[in-house]
Every structure is written in structure tokens, then in C-alpha cells.
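The primary structure of each chain is shown beneath.
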Amino acid sequence: MPAINFAEIKSKTKDAVRSSLFKEFILFSFSTFLVQGSRFTVSVIAAKNLGPSTWGIWQLLYLILAYSSFFHLGITNGMNREIPILSGREDDQTINAIRSITLGTILLAGAIAGAIIFGSSKLVEGGQIHIPLKFMILLLMAYLIYTYLEVYLRSSGWFKHMSQQQIFFSITFLALVTPAVLKFHLNGYILSQAAVLLLTIVFIFKITPVRLQIEFDFKQSLRLIKIGFPIMIGMILFTFMTTADRWVIATFLNLKELGYYSLSIMVLRGLTLIPRVISQQIFPRLAKTWGSTSKYEDLIIWIRVHIVMCLCLTTPVVLLAFLFFPMLVRNYMPEFMPGITAMKISLIVPFFFGLSTVFVNLLNIIGKQLQLMLIRGAALLFNIVLNIIFVKMGLGINGIALGTTLTFGLYCLAVAALGKSAIRNVQQKHYLKQIKAANV
């Protein structure tokens, strides 16, 4: 088997970074950080206004959005995987059909999910979450349509439009949600977010050539779900893995402790944004490359670019968060100070997260979703058990943060090992094809 030419890969990596990717990354990163900065600022204001207990309730309600892909069985995951690959094959007709069918399935799933949430609100009528739970129906529907449009733009490689809509979203979010939460508290926080999403959806139609068509095709929907469902299950397991800490705190501690722990949640949501941005830009390029060439050398180039960018950009931001975020808490929201230590422990997570995302993308593209799903299932179980053990040992939310960090470390090692093994298998198959073609 021929050795990989690392000198050539290094040269191509530099070319990739110097190409339009870097310029596009600057604009997309700027807009994404604006979004996160806007969200973070409003989250701090909302947490201060609502207090630890009510803010803890929002952390649980937010899980409806976090698990929203379960409602449509992962069809957007199938769309996100298929469109870049089909783009590499220049199959525009199938791409348009996939977009229309996916939208129809999402709207149907959203209607069903809304009915379920409405029924659930009846079960808690008169309780503290009765009205907020009803308002979550509108937020969920807006969120489903908005995330579909994000997948539409991202899978098409339209990152300029993605950046424009994110800038609009960040400004609108800060302008509308801040006064709403100050005046109407949790209900205002939920409804104003729905309003921001709906306004951003209108803005997307104004600035892009996106024109939605709704189509229902059971056979095609089933095909996309078969592709996207394992990816979705893997993502749901990953979401459970990243939110298991909240369930353990809510079950074994209390909502006030969850409010303290929300410092870790807010900071990680911001810091993991860096690898998410990189991953979102590299994924369609990686998939398109696989669809057009299927060469392992080209896959390695994008993997290398991803890892270098993650390490270089994550490190300084983590250091800044470690030094300055505790100062913000002490001076602006001192009632949350019991959560500072847990937040500091959690700052290691973004490194593990960033290194694992590129291998996750690779495994989804080359059809290793089942193996990835099993790894995430094992990591979820490990996280829950470890967190419970640490709580029983009396470590509280600091133990939760430590258990979550250790889980991410092991998860990163497992995903990277599977990804490297998959690359070797791709390399071997490619080499055997070359030998077979030469002997014909």
C-alpha cells in the first residue's frame, strides 16, 4: 500500500486555508460570534432578571428545542448529508426534490409536536410552567422552519447569505428579547425569541434566492429518514450526553443548583461555537469532495484544516473566559457565584468537542452512522453514571462538571480512533481498486 504523501497534503492544506475558505470563514465567524454574543448578553440579563429558580425552569424548557430533530426523525440530517454529495455529482433535480420533501415532512412533524406539547400543558394546568409550555409551541414551530432554512443555506454552501442572516438575527435578538424579558419575564423571553426567528425567516427570503415548495412523497421521505435517522439518533444521543448534567442536577439536587450550573451551560454554548462554525463550513466541502472524487487524500486535507483551525482559535478564547468571566459574575450577578468553580472545570470541554467534530463529520459522510451512534450511547451512559456517583460523593455541581468533562475526553478519543480506522479502510479500498483496474 503506498504511503500517504504528507508533504503534498501539507501544501494542499495551506492552499485551502489561503483560498476563499479563509475569507468566508472570517465573515461567517464574525456573524456567528455576533449571534453568540447577542445570545450570551441577553442570557446574562435574563438570568439576572429571572433568578436561579426560574432560569432553571427555562433550562428545562429549552430541551424541547434541543431535542426538536426527534420530531421529524432526522430528515434534515439526511438533507444536510445528501445535498453536498449530490452537488459534487451536479444532480440539481434531485437536490430540489429533497428540499421540497424535507420541508413538507418538517411542517407535518411540527404540527404533531405542537399538539403533543399542548396536551402536555393541560396536564400541568395551574402550575408554574403551564403558560410558558404553551408559548413553547410557537417558538418550536418558528425554530423548526428557521433551522430548516439554515440547513438549506449551509448544505448549499451559501455562507455569505448565512452570515447576513446571522447579523440580522443578532441585532434583532438583542433589540427585542432584552426589553421583553425585563418587562414580561419568562413568557416574554419565550415569545420574543419566536418573534425574532419569524422576522429572520422573512429576512432570509428577502436576501436569498430561496423559494420554498412543499411536497409530500412518502417513499423519498423514507429514504431521507433512513439516511438521516441514524445521524439524528447520534445527535440526539449527543444532545442527551451534553444535557445529562441538567437532568442529574434537577433529579438529585434542585432547580436553584441548576441555575448556578447554568454558568457552565452559557459559557460552553459560547465556546463550542468556534468548532461548530468551523465544522459547519468544512462539512459541505468534505461531503462534496467525497461525492466528486472519493479520494482519501482529499479527506485528510480537510481534516487537517479543521483540527488546526480549532486548536488555534479555541485556545485564546478559553483563556479569556477563564480570566474574565468570573469577574463578570462577581460584579454583575453575584447570586450565581456558587457556579464559578464548575464553570472553570468545564472549560476543557471545548477542546475535546472541537477535535471530535471533524471525525463525526467524516463518519457521517462515509456511512459509519451506526458505529458513531453506539459510541455516543456508551458515552451518554458513562456520563449519567459518573455524574450520579460524583453527586452521591457530595461533590455537587462541581462533580457534575468534572464528570461531563471526563466523558467528553473519552468520547473524543473514541471518535478519533474510529475516524482514523475509517480513513485507513477507505485508503485500503481505494488502493485495491487501483490494483484491480491495473490488472484488467
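For clarity, every value in this text was computed on a predicted model and none was experimentally measured. (Residues numbered from 1 in each chain as written. Predicted model: local features only at pLDDT ≥ 70, side-chain atom pairs only at ≥ 80, totals over all residues. Heavy atoms only, no water.)

The subject of this paragraph is the overall build of the protein. Of regular secondary structure, the protein possesses 15 helices and 0 strands. Counting across all 440 residues of the protein, residues that qualify as buried make up 53%. Across the protein, every contact between residues at least 6 apart in sequence was considered, and the portion connecting residues at least 24 apart equals 84%. Accessible area for the protein stands at about 19,400 Å²; split by element, carbon and sulfur atoms hold 67% of it. (Helix = DSSP H or I, 4+ residues; strand = E, 2+ residues; numbered from the N terminus. Buried < 20%, exposed > 50% of the residue type's maximum accessible area, 1.4 Å probe, protein only. Contact = heavy atoms within 4.5 Å. Areas by Shrake-Rupley, 256 points an atom, 1.4 Å probe, with all protein chains shown as cover.)

This brings us to the packing of helix α8 (residues 218–252) against helix α9 (residues 255–271). The contact between α8 and α9 brings their axes to 10 Å, and the two run at 175 degrees. With respect to each other, α8 and α9 are oriented roughly antiparallel. Of α9, the residues touching α8 (which contributes D245, R246 and I249) are E257, L258, Y261, I265 and R269. Grouping the constituent residues of the contact of α8 with α9 by class yields 4 nonpolar, no polar and 4 charged. (Axes fitted to C-alpha atoms, helices over the stretch in contact; angles between N-to-C directions. Parallel < 35°, antiparallel > 145°, perpendicular 65-115°, else oblique. Nonpolar A, V, L, I, M, F, W, Y, C, P; charged D, E, K, R; others polar.)

Right, let's talk about the side chain of R154 for a bit. Tracing the chain through its elements places R154 in helix α6 (residues 130–155). Here R154 sits buried without a salt bridge, and the closest side chain of opposite charge, E150, lies 4.7 Å off (N-O distance). Ignoring anything within four residues of it in the chain, the contact list for R154 reads N80, F159, M162, Q280 and P284. (Lys, Arg positive; Asp, Glu negative; His and termini not counted. Salt bridge = Lys/Arg side-chain N within 4 Å of Asp/Glu carboxyl O.)

Per the stated rule, a full pass over the model turns up 9 aromatic pairs. Both rings, one in F169 and one in F173, keep their centres 5.4 Å apart while their planes meet at 25 degrees; by these two values the pair is stacked. With F169 and F173 both in helix α7 (residues 159–207) and 4 residues apart, this pair spans about one turn of that helix. F173 carries the same exposure label as F169, and that label is buried. Following the ring pairs from residue to residue traces out a cluster consisting of W55, W58, Y62 and Y189. The positively charged end of R99 is found above the aromatic ring belonging to Y152, 4.3 Å away from the centroid. Here the guanidinium or amino end of K344 rests over the ring plane of F322, the centre of that ring lying 5.2 Å away. (Phe/Tyr/Trp six-rings, centres within 6.5 Å; stacked < 30°, edge-to-face > 60°. Lys NZ or Arg CZ within 6 Å of the ring centre and 35° of its normal.)

At a minimum axis distance of 10 Å, the contact between helix α4 (residues 75–88) and helix α5 (residues 92–123) shows a crossing angle of 170 degrees. Considering the angle they form, α4 stands roughly antiparallel to α5. Listed contacts from α5 to I75, T76, M79, E82, I83, L86 and S87 of α4 are T94, I95, I98, R99, I101, T102, T105 and I106. Tallied by class, residues from the contact of α4 with α5 come to 8 nonpolar, 5 polar and 2 charged.

What follows concerns unusual backbone geometry. At H185, a residue that is not glycine, the phi angle is positive and equals roughly 60 degrees. Considering the arrangement of structural elements, one finds H185 in helix α7.

We now examine the side chain of E82. Relative to the helices and strands, E82 is located in helix α4. Within the local environment of E82, its side chain forms a polar contact with the side chain of R223, the two groups lying 3.3 Å apart. Excluding residues within four positions of it along the chain, E82 makes contact with I98, R223, L224 and I227. (Polar contact = N/O pair within 3.5 Å; in protein donor to acceptor, adjacent residues only side chain to side chain.)

All right, on to the nonpolar core then. Among the nonpolar cores identified, the biggest contains 68 residues, and W55, W58, L61, M136, L139, Y189 and L263 are the most heavily contacted of them. Ranked by residues supplied to this core, first place goes to α7 with 14 residues. Residues I233, W302, V360 and I423 belong to the second largest nonpolar core, which totals 46 residues. (Core = buried A, V, L, I, M, F, W, Y, C linked by side-chain atoms within 4.5 Å.)

A contiguous nonpolar patch, built from L108, I112, I116, I214 and F216 and spanning about 540 Å² of accessible area, is present on the exposed surface. Within the secondary structure, I112 sits in helix α5. (Patch = residues over 30% accessible without salt bridge, like charges linked within 9 Å, V, L, I, M, F, W, Y side chains within 5 Å.)

Its location among the elements puts P350 in helix α13 (residues 349–365). When its relative accessible area of 1% is taken as the criterion, P350 is described as buried. Here the alpha-carbon distance between P350 and F408, two residues 58 residues apart in the chain, equals 9.0 Å. Setting aside chain neighbours within four positions, we find P350 in contact with L268, L271, T272, P275, T314 and V318.

What follows concerns the confidence of the model for the protein. Per-residue pLDDT for the protein has a mean of 81; in total, 88% of the residues score no lower than 70. Of all the helices and strands in the protein, helix α1 (residues 6–18) carries the lowest mean pLDDT, 53, while α7 carries the highest, 92. Across residues 1–5, where pLDDT falls below 50, the model places 9 contacts with residues more than four positions away in sequence or in other chains. (pLDDT = per-residue confidence, 0-100.)

For the structure on display, the rule yields 0 disulfides. C312 takes part in no disulfide bond, and the closest cysteine sulfur to it belongs to C310, at a distance of 9.6 Å. (Disulfide = S-S within 2.5 Å.)

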